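# Notes for the structure review
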Amino acid sequence: MELTKNQHILNWINEQVALTKPDQVIWIDGSEAQLEGLREEACATGEITKLNQEKLPGCYLHRSDPTDVARVESRTFICCKKKEDAGPTNNWMDPEEMYAKLRKLYDGSMKGRTMYVIPYCMGVVGSPFAKYGIELTDSIYVVLNMAIMTRVGQAIFDQLGDSPDFIKGLHAKANLDPEERYIVQFPEDNTIMSINSGYGGNVLQGTKCFALRIASNLGRQEGWLAEHMLILGIQNPKGEIRYVTGAFPSACGKTNLAMLIPPEGYQKNGWKCWCVGDDIAWLRVGPDGRLWAVNPEKGFFGVAPGTNEKSNPNALATTQKGTIFTNVALNLDDNTVWWEKLDKNPPHNALDWKGNPWSPETAEGPAAHPNSRFTAPAENCPCISPEFNNPNGVPISAIIFGGRRAKTAPLVYQSRDWKHGVFVGSIMGSEKTAAAEGTVGETRRDPMAMLPFCGYHMADYWQHWLDMEQSIANPPKIFNVNWFRTDEHGEFIWPGFSENLRVVEWILKRCFDEVGARETEIGYLPNVEDINLEGVDVSRETLADLLSVDKDLWKEEAAGVRGFYKQFGDKLPKELAQELDALEERLNA
Ligand code: OXD
Ligand code: MN
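Residues numbered from 1 in each chain as written. Chains lettered and ligands numbered in written order. Predicted model: local features only at pLDDT ≥ 70, side-chain atom pairs only at ≥ 80, totals over all residues. Heavy atoms only, no water.

Relative to the helices and strands, alanine 315 is located in helix H11 (residues 313-318). The class for alanine 315 is buried, based on a relative accessible area of 1%. With 262 residues separating them in the primary sequence, alanine 315 and alanine 577 have C-alpha atoms 41 Å apart. (Helix = DSSP H or I, 4+ residues; strand = E, 2+ residues; numbered from the N terminus. Buried < 20%, exposed > 50% of the residue type's maximum accessible area, 1.4 Å probe, protein only.)

Structural data, given as structure tokens:
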């Protein structure tokens with residue numbers, strides 16, 4: 001039954017139905033009864049498997065096609081009229097050409113299938129931050145995941161009324177042909193189309209496609225920022241809670257920082273940390289001139305391998321109910337799940353992520369896919385912030401950028417001002433580990449961790465960041481961290497995880513003028529005595545080493561940035577070119 005009389009919505013859905021030709025159309029009202037019916041149906045067809053309901057209540061396992069297990073940047077497109085508006089870091093195709101190509105692929109793709117109409121909201125329904133979307137999909141898996149990751153149901157239609165202001169999304173699994181897989185954003189039409197994939201990051205359109213690629217365009221037009229950032233609240237012994245956001249490329253511990261647990265000594269003194277978001281932040285200027293952040297998502301789509309009682313007990317606890325696991329291993333003895341580094345007891349009677357028998361003795365590959373995931377409700381998280389559902393978000397004191405650098409970047413430094421902070425974000429990068437293709441140690445630049453997610457020209461995006469300065473009377477301070485410096489044996493010097501709070505404490509003190517700093521060529525660094533080392537096995541000498549700036553390495557770094565900036569040509573904001581010149585001058589002085 002149709003859940004709205006909105007003609008914009010009905011006309012658009014009718015067109016998509018005529019194109020894809022599903023056998024039936026089901027509208028998702030968001031009720032538990034309807035979702036439960038869909039879970040039962042998906043269990044009956046084998047699309048998902050019900051797990052041990054005593055140990056993992058409400059949890060299910062899904063296996064995706066083995067060729068369809070990750071985001072595919074090579075198949076992801078920004079289709080705006082002018083190629084130069086997409087910029088050198090995005091794939092582009094002319095919208096007319098792309099629509100024509102896609103129409104052929106979608107034509108009749110839902111024959112014999114059901115189309116589900118998912119009305120969803122990014123942010124709290126009715127909040128000034130909120131944005132609405134409708135995803136049409138032929139996948140129950142997508143419906144169930146979207147219902148965890150976003151706010152779904154009738155309330156969205158009620159809120160929209162007759163408005164045409166919603167993001168249109170069409171997803172068809174088709175035949176999962178990797179050669180014809182497309183994840184396409186049409187920012188000028190507020191439209192998202194994905195086909196031939198069932199993998200989360202490609203097809204849960206509310207997340208990366210909408211909340212970053214489309215929303216970054218909306219933010220530019222409307223004067224706000226859509227960022228690939230965690231949001232963390234830090235409560236000090238006085239009971240004050242101060243918030244930071246953090247942008248990190250993948251494999252830099254973003255989820256761990258988002259759910260940080262204070263070191264024991266800090267806990268005893270009354271410190272607490274609160275997770276507002278683990279992946280995406282929408283940032284707007286509040287009436288007080290500060291930057292306020294909301295997490296537009298309602299769940300966590302996290303990487304399972306490596307998540308354990310030590311690395312991230314909060315994430316692990318979050319996955320113990322109401323969670324959909326994708327491509328992890330199934331323990332046949334007790335119908336629970338397992339993944340690498342969950343614990344030291346791999347199941348001996350298991351199915352791997354492809355559904356083949358697996359045991360540690362005979363294993364030829366990992367039990368869980370390295371990019372296997374959990375889709376878990378944020379409200380399960382033991383440290384979820386009481387402000388999680390606050391429609392106005394939380395005020396941000398600091399923005400933290402970070403990457404994985406063996407030598408160059410110190411443990412932490414503060415930018416000189418907003419412009420320099422934008423520069424620091426724009427030169428962000430991470431060194432490739434042995435696990436990834438390419439030369440080990442080579443730096444992959446990933447500005448603001450937005451390389452795969454910025455929905456328009458990266459240089460225009462930097463300009464937008466620079467322009468935002470005018471409207472933020474009380475801007476957050478901008479920092480860079482690096483938890484990954486290594487010694488001559490390649491071992492990490494800084495213990496990381498919980499201990500990172502010691503660095504965040506210094507960052508917050510800087511924001512509230514509670515501590516000094518020393519000025520260096522690259523920005524402000526802590527005085528060695530100003531980072532609390534009580535209760536951690538790190539000496540002042542080691543800390544001094546972590547806080548050292550090697551001028552020769554930084555000269556190489558500056559040269560690397562110059563090379564990276566070249567591709568942006570005339571579009572590179574002059575402020576950033578000046579920042580690079582100034583950095584080199586200071587290094588050569
Ligand atoms: C994610 C990503 O899945 O950034 O969050 O790839
Ligand atoms: Mn992410």
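Turning our eyes to something else, we now look at helix H1 (residues 7-20). In this model H1 runs 20 Å from its N-terminal to its C-terminal C-alpha over 14 residues, within 8% of the 20 Å that 1.5 Å per residue would give. Regarding H1, the residues found buried are Ile9, Leu10, Trp12, Ile13, Gln16, Leu19 and Thr20. Against the buried residues of H1 lie strand E1 (24-27), helix H4 (95-106), strand E6 (114-122), strand E7 (131-137), helix H6 (154-160) and strand E9 (167-172). Structurally, the start of H1 carries an N-cap: the backbone nitrogen of histidine 8 is 2.9 Å from a side-chain oxygen of asparagine 6. One or two positions beyond H1, positive phi appears at lysine 21, with a value near 60°. (Expected span 1.5 Å × (residues − 1). Contact = heavy atoms within 4.5 Å. Polar contact = N/O pair within 3.5 Å; in protein donor to acceptor, adjacent residues only side chain to side chain.)

Here we come to the packing of aromatic side chains. Taken as a whole and judged by the stated rule, the model has 23 aromatic pairs. Measuring from ring centre to ring centre gives 6.0 Å for phenylalanine 401 and tryptophan 465, while their planes differ by 55°; the resulting arrangement is tilted. Note that phenylalanine 401 is positioned in strand E25 (residues 394-402) and tryptophan 465 in helix H13 (residues 458-468), a separation of 64 residues in sequence. Here phenylalanine 401 matches tryptophan 465 in class, with each residue buried. Clustering of aromatic rings is evident, with ring pairs tying together Phe423, Trp462, Phe564, Tyr565 and Phe568. (Phe/Tyr/Trp six-rings, centres within 6.5 Å; stacked < 30°, edge-to-face > 60°.)

Coordination of the manganese ion (ligand 2) by the protein comes from Lys208 (NZ), His228 (NE2) and Asp279 (OD), over a distance range of 2.2 Å. The sequence motif formed by the donor residues of the manganese ion (ligand 2) is K-x19-H-x50-D. Taken as a pair, lysine 208 in helix H8 (residues 206-222) and aspartate 279 in the loop between strand E15 (272-277) and strand E16 (281-285) lie far apart in primary sequence, 71 residues in all. Aspartate 279 shares its class with lysine 208; the two are buried. (Donors = N, O, S within 2.8 Å, 3.2 Å for Na, K, Ca; no water.)

Our next topic: the packing of helix H16 (residues 551-566) against helix H17 (residues 574-588). Helix-helix packing is characterised by the crossing angle of the two axes and by the distance between the axes. Packing of H16 against H17 leaves a shortest axis separation of 10 Å and a crossing angle of 160°. Viewed along their axes, H16 and H17 adopt a mutual orientation that is roughly antiparallel. Here H16 runs over H17; the crossing is left-handed. Contacts between H16 and H17 involve Lys551, Trp554, Lys555, Ala558, Ala559, Val561, Arg562 and Tyr565 from the first element and Leu576, Leu580, Asp581, Leu583, Glu584, Leu587 and Asn588 from the second. Of the residues in the contact of H16 with H17, the class split is 9 nonpolar, 1 polar and 5 charged. (Axes fitted to C-alpha atoms, helices over the stretch in contact; angles between N-to-C directions. Parallel < 35°, antiparallel > 145°, perpendicular 65-115°, else oblique. Left-handed = near helix turned anticlockwise from the far one by under 90°. Nonpolar A, V, L, I, M, F, W, Y, C, P; charged D, E, K, R; others polar.)

For the rest of this paragraph, the subject is the packing of helix H2 (residues 32-45) against helix H5 (residues 140-149). Between H2 and H5, the least distance of the axes is 10 Å, while the angle of their chain directions is 140°. When the axes of H2 and H5 are compared, the pair comes out oblique. Every pair of crossing elements has a handedness; the one defined by H2 and H5 is left-handed. Packed against H2, whose contacting residues are Leu35, Leu38, Arg39, Glu41 and Ala42, the element H5 presents Ile140, Val143, Leu144 and Ala147 at the interface. In terms of residue class, the contact of H2 with H5 is made up of 7 nonpolar, no polar and 2 charged.

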